[in-house]
Amino acid sequence: MKIMLACNAGMSTSLVVSKMQEAAAQQGKEYKIWAVEEGEIADELGNFDVLLLGPQVRHILRRVTKLVGDKAKVDVIDAPSYGKCDGAAVLCQAEKLYQEG
């Protein structure tokens, strides 16, 4: 699975990405997980299965969901998990979202 995170500058999500990568490795899962800034989402279309937005950009959810269409699943990262940099919880959120498809 390819999981992309997006936020204002792609920097605050980078710590969450590294925690998600650690959690995936511990679970024996080989996922591609990376972060971009919100302006790069359109350039990445087709490269990800799940797009998780940082809570600070939840206001772009509707626009991004429309942009992505049926190419991938889109959601906002659970704020408490994001705040705690709980990589395992955010990874679980991405997996559940992907399985809904």
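Residues numbered from 1 in each chain as written. Predicted model: local features only at pLDDT ≥ 70, side-chain atom pairs only at ≥ 80, totals over all residues. Heavy atoms only, no water.

1. Comments concerning the packing of aromatic side chains
Taken as a whole and judged by the stated rule, the model has zero aromatic pairs. Looking at K32, its charged tip hangs above the ring of W34, at a distance of 4.6 Å from the centre. (Phe/Tyr/Trp six-rings, centres within 6.5 Å; stacked < 30°, edge-to-face > 60°. Lys NZ or Arg CZ within 6 Å of the ring centre and 35° of its normal.)

2. Overview of the sheet that holds strand 2 (residues 32-37)
The sheet built from four strands is open, its strands ordered 2-1-3-4 with parallel pairing. Two strands bound the open sheet, and with one partner strand each, they are strand 2 and strand 4 (73-76). Direction aside, the axes of adjacent strands within the sheet are offset by 20° on average. As judged from the four bridges shared by strand 1 (residues 2-7) and strand 3 (residues 50-53), these two strands associate in the parallel manner. Within strand 3, the residue paired with A6 across the bridge is L53. Of the strands in this sheet, strand 3 and strand 4 touch helix 2 (residues 61-68), which is tilted by about 170° from strand 4. Its contacts with the sheet put helix 4 (residues 87-99) on strand 1, strand 2, strand 3 and strand 4, and the angle it makes with strand 3 is roughly 135°. (Pairing = 2+ DSSP bridges. Helix = DSSP H or I, 4+ residues; strand = E, 2+ residues; numbered from the N terminus. Axes fitted to C-alpha atoms, helices over the stretch in contact; angles between N-to-C directions. Contact = heavy atoms within 4.5 Å.)

3. Thoughts on the side chain of E44
Among the structural elements, E44 can be located in the loop between strand 2 and strand 3. Although E44 lies buried, it forms no salt bridge, and the closest oppositely charged side chain, K32, sits 6.0 Å away as judged by the N-O distance. (Buried < 20%, exposed > 50% of the residue type's maximum accessible area, 1.4 Å probe, protein only. Lys, Arg positive; Asp, Glu negative; His and termini not counted. Salt bridge = Lys/Arg side-chain N within 4 Å of Asp/Glu carboxyl O.)

4. A look at the UniProt feature "modified residue: Phosphocysteine" (unreviewed entry) in the protein chain
Summarizing the sequence annotation, UniProt attributes the feature "modified residue: Phosphocysteine" (unreviewed entry) to C7 in the numbering used throughout. Tracing the backbone through its elements, the reader meets C7 in strand 1. Residue classification places C7 among the buried residues on the basis of a relative accessible area of 1%. Dropping the residues within four chain positions of it, C7 is found in contact with S12, T13, V36, E37, E38, Q56 and V57. (UniProt positions renumbered as here; feature names shortened; annotations may be inferred.)

5. Remarks on the nonpolar core
General note: in soluble globular proteins, nonpolar side chains tend to be found buried as a group. Grouped together as the largest cluster of nonpolar side chains are 18 residues, with contacts concentrated most on I3, L5, M20, I33 and L52. Sorting the residues of this core by element identifies strand 1, helix 1 (12-26), strand 3 and helix 4 as the ones contributing at least two each. If you tally residues by element for this core, the top one is helix 1, at five residues. Those residues in contact with M20 that lie beyond four places of it in its chain are I3, L5, I33, G87, V90 and L91. In this structure, A6, L51, I60 and V76 belong to the second largest nonpolar core, which totals 15 residues. (Core = buried A, V, L, I, M, F, W, Y, C linked by side-chain atoms within 4.5 Å.)

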